[in-house]
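# Coordinates in review
Residue-level listing of the chains:
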Amino acid sequence: MTSILFVCLGNICRSPLAEGALRNEVERRGLRIEVDSAGTGGWHEGQPPDPRAIAAAGRNGVDISGLRARTVTPDDFRRFDHIIALDRSNLRVLREVAPWDATAAFSLMLDHVPGREGQSVADPYYGDDEDFDITWGEVSASVAGILARVA
Ligand code: 4NP
């Protein structure tokens, strides 16, 4: 079974939205893909997603309120087939902390959206509901591309 880990900074805004969007499509299409998310920073360990992220997903019929933030672990690099960073800064950190025997394939979230390769999903943390809707739109477009490639 293919496994995919989404990684942002805090694991409370962008990567939980990505996890929710992909998980929803996987269930809707009856696919067998393992989906998880994590952060490179541990400040929000154990916390649910940001209320604005929960609301944005909810506006699109997806419940992410049960997710809990965690930090990336060395084992993630061996356990997941794909590690998908939400932005360039976190992709750089992932490459730095990856163990020598990492097997996961790295990519950027927007590498999976034609015409947006190499770009970052902006951090909506200091934004408003509209920014969270933009994030949802971007991760949804990416999920469509990911499924076209791996499913
Ligand atoms: P995320 O957003 O990386 O999309 O979850 C952030 C959440 C929290 C912080 C930064 C970004 N923070 O600095 O606490």
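First, a word on scope: everything that follows refers to the structure included in this document. (Residues numbered from 1 in each chain as written. Predicted model: local features only at pLDDT ≥ 70, side-chain atom pairs only at ≥ 80, totals over all residues. Heavy atoms only, no water.)

Core analysis: the biggest nonpolar cluster contains 31 residues, and Phe6, Leu17, Leu22, Met109 and Val139 have the highest contact counts within it. At the level of secondary structure, the elements contributing two or more residues to this core comprise strand 1 (2-8), helix 1 (14-29), strand 2 (33-39), helix 2 (51-59) and helix 5 (129-150). For this core, the leading source of residues is helix 5, giving six residues. When neighbours within four sequence positions are excluded, Leu22 is seen to be in contact with Ile4, Phe6, Val35, Val143 and Leu147. Listed in part, the twelve residues of the second largest apolar core include Ala38, Phe80, Ala104 and Leu108. (Core = buried A, V, L, I, M, F, W, Y, C linked by side-chain atoms within 4.5 Å. Buried < 20%, exposed > 50% of the residue type's maximum accessible area, 1.4 Å probe, protein only. Helix = DSSP H or I, 4+ residues; strand = E, 2+ residues; numbered from the N terminus. Contact = heavy atoms within 4.5 Å.)

This next bit is on the packing of helix 2 against helix 5. Running from N to C, helix 2 and helix 5 point in directions that differ by 55°, and their axes come no closer than 9 Å. Considered as vectors, helix 2 and helix 5 are oriented oblique to each other. The two elements helix 2 and helix 5 meet at a crossing, and its hand is right-handed. For the pair formed by helix 2 and helix 5, the contact residues are Arg52, Ala53, Ala56, Ala57 and Arg59 on the first element and Asp129, Phe132, Asp133 and Trp136 on the second. Residues that form the contact of helix 2 with helix 5 fall into these classes: five nonpolar, no polar and four charged. (Axes fitted to C-alpha atoms, helices over the stretch in contact; angles between N-to-C directions. Parallel < 35°, antiparallel > 145°, perpendicular 65-115°, else oblique. Left-handed = near helix turned anticlockwise from the far one by under 90°. Nonpolar A, V, L, I, M, F, W, Y, C, P; charged D, E, K, R; others polar.)

Contact geometry for helix 1 and helix 5: axes closest at 9 Å, N-to-C directions at 45°. Comparing their axes, helix 5 and helix 1 come out oblique. Here the hand of the crossing between helix 1 and helix 5 comes out right-handed. Touching Arg14, Leu17, Ala18, Ala21, Leu22, Glu25 and Arg29 of helix 1 are Phe132, Thr135, Trp136, Val139, Ser140, Val143 and Leu147, all from helix 5. A per-class count over the contact of helix 1 with helix 5 returns nine nonpolar, two polar and three charged.

With parallel pairing, four strands are arranged side by side in an open sheet as 2-1-3-4. With partners counted over all chains shown, the strands left at the sheet margins are strand 2 and strand 4 (105-108), one partner each. The sheet shows a mean angle of 25° between the axes of neighbouring strands, taken without regard to direction. As judged from the four bridges shared by strand 3 (residues 82-85) and strand 4, these two strands associate in the parallel manner. Residue Ala85 lies in a different strand from strand 4, and its bridge partner there is Leu108. Across the sheet, helix 1 is in contact with strand 1 and strand 2; its angle to strand 2 comes to roughly 170°. (Pairing = 2+ DSSP bridges.)

Close to the ligand lie Cys8, Leu9, Gly10, Asn11, Ile12, Cys13, Arg14, His44, Asp123 and Tyr125. The contact in question runs from an oxygen atom of the ligand to an N or O atom on the backbone of Gly10, over 2.8 Å. Residue Cys13 places a main-chain N or O atom 2.9 Å away from an oxygen atom belonging to the ligand. Coverage of the ligand by the protein chains reaches 90% of its 350 Å² of free accessible surface. (Near = heavy atom within 4 Å. Polar contact = N/O pair within 3.5 Å; in protein donor to acceptor, adjacent residues only side chain to side chain. Areas by Shrake-Rupley, 256 points an atom, 1.4 Å probe, with all protein chains shown as cover.)

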